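Working through the structure, step by step
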Amino acid sequence: MHSRDLLIEAFDRLPELVRSAVDGLSPEQLRTPPAEGANTVAWLVWHLTRIQDGYLAELTGQDQIWVTGDRAPRFGLKPDPDDNGYAHTAAQVLAVRPESAAVLVEYYQAVHERTQSYLAGLTDGDLDRVVDESWDPPVTLGVRLVSILNDDTQHVGQAAYVHGLLEN
């Protein structure tokens, strides 16, 4: 198995996890934190998608999917390419108000398709390319992709957990 195929396999598991994390939840449930100041299912899924979208846009040289079309207004937000949820306050978490679970899934699916297309074109040698020199040591493409995957799996797991709390 090539590294590219391993990454494709890993990222390909995420869409079903995202769907499962939001499936059956009303817009109100998506926006309900399990405790005061905690992250909502909506915010968790939006955030993991924003992180992946932002990094993939940097890697591909394309605009973020978030800033194209009418996605942001369907979340009650502006299409700010710098707003990805990092360091959000509790009020900002609550401001992420998707119209429905489908809106979250549709946005994730669009980002996922871009990710899979990008991964399909990689070679093992590409993964050693430095993509961010602001860190010590500099970040390679392989490390960046693993970082995105790690962030996504943590947050989708958190969203699934909160989903379970809301059902009980």
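Before reading on, note that the structure itself is shown above.
The notes below deal with the structure included here.

1. A look at the side chain of R114
Among the structural elements, R114 can be located in helix α6 (residues 101-120). Here R114 is buried and forms no salt bridge, its nearest opposite-charge partner D53 lying at an N-O distance of 4.0 Å.

2. Overview of the pattern of salt bridges
Within the structure shown, the criterion is met by seven salt bridges. Note that E106 and R74 form a salt bridge whose closest N and O atoms lie 3.3 Å from each other. Of the two residues, E106 sits in helix α6 while R74 sits in the loop between α4 (41-60) and α5 (90-94), which places them 32 residues apart along the sequence. Residues joined by salt bridges that share partners form a network here, namely R74, E99 and E106.

3. Comments concerning the packing of helix α2 (residues 14-22) against α6
Between α2 and α6, the least distance of the axes is 9 Å, while the angle of their chain directions is 170 degrees. As judged from the angle between their axes, α2 and α6 are roughly antiparallel. Note on element contacts: α6 touches α2 through A101, L104, V105, Y108, Q109 and H112, opposite L14, P15, V18, R19 and V22. Classifying every residue of the contact of α2 with α6 by side-chain character gives eight nonpolar, two polar and one charged.

4. Points about α6
For α6, spanning 20 residues, the distance from its first C-alpha to its last is 28 Å, which sits close to the expected 28 Å at 1.5 Å a residue. Buried residues dominate α6, accounting for 14 of its 20 residues. Taking the backbone nitrogen of A102 as reference, a side-chain oxygen 3.3 Å away marks S100 as the first, capping residue of α6.

5. Notes on the nonpolar core
V22, L30, V41, W46, F75, L104 and L145 are the most contacted members of the largest nonpolar core, which totals 43 residues. Breaking this core down by element, the ones donating at least two residues are α1 (3-12), α2, α4, α6 and α7 (141-167). Looking at this core, the element that brings in the most residues is α6, giving ten residues. If we ignore the near neighbours within four places in the chain, the residues touching V22 are L30, V41, V45, A101, L104, V105 and H163.

6. Remarks on the packing of α2 against α7
One way to put it is that α2 packs onto α7 with a least axis distance of 8 Å and a crossing angle of 25 degrees. Taken together, the axes of α2 and α7 are roughly parallel relative to one another. Judged by the twist between their axes, the crossing of α2 over α7 is left-handed. Only L149, D152, T153, V156, A159, A160 and H163 of α7 make contact with α2, whose side of the interface consists of L14, L17, V18, S20, A21 and V22. Residues belonging to the contact of α2 with α7 are distributed by class as follows: nine nonpolar, three polar and one charged.

7. Let's talk about the environment of T115
With respect to the helices and strands, T115 occurs in helix α6. For T115, a relative accessible area of 0% corresponds to the buried category. Sequence separation between T115 and L44 is 71 residues, and the spatial gap between their C-alpha atoms is 19 Å. Among residues more than four places away in sequence, those in contact with T115 are F11, Q52 and L56.

8. Details of the packing of aromatic side chains
Within the structure shown, the criterion is met by four aromatic pairs. For the ring pair W46 and W66, a centre distance of 6.0 Å and an interplane angle of 70 degrees mean the geometry is edge-to-face. Linking W46 in helix α4 with W66 in the loop between α4 and α5, this pair joins segments that are 20 residues apart in sequence. An identical accessibility class is assigned to W46 and W66; each is buried. Taken together, a centroid distance of 6.1 Å and an interplanar angle of 75 degrees make the contact between F75 and Y107 edge-to-face.

Conventions we followed
Residues numbered from 1 in each chain as written. Predicted model: local features only at pLDDT ≥ 70, side-chain atom pairs only at ≥ 80, totals over all residues. Heavy atoms only, no water. Helix = DSSP H or I, 4+ residues; strand = E, 2+ residues; numbered from the N terminus. Buried < 20%, exposed > 50% of the residue type's maximum accessible area, 1.4 Å probe, protein only. Lys, Arg positive; Asp, Glu negative; His and termini not counted. Salt bridge = Lys/Arg side-chain N within 4 Å of Asp/Glu carboxyl O. Axes fitted to C-alpha atoms, helices over the stretch in contact; angles between N-to-C directions. Parallel < 35°, antiparallel > 145°, perpendicular 65-115°, else oblique. Contact = heavy atoms within 4.5 Å. Nonpolar A, V, L, I, M, F, W, Y, C, P; charged D, E, K, R; others polar. Expected span 1.5 Å × (residues − 1). Polar contact = N/O pair within 3.5 Å; in protein donor to acceptor, adjacent residues only side chain to side chain. Core = buried A, V, L, I, M, F, W, Y, C linked by side-chain atoms within 4.5 Å. Left-handed = near helix turned anticlockwise from the far one by under 90°. Phe/Tyr/Trp six-rings, centres within 6.5 Å; stacked < 30°, edge-to-face > 60°.

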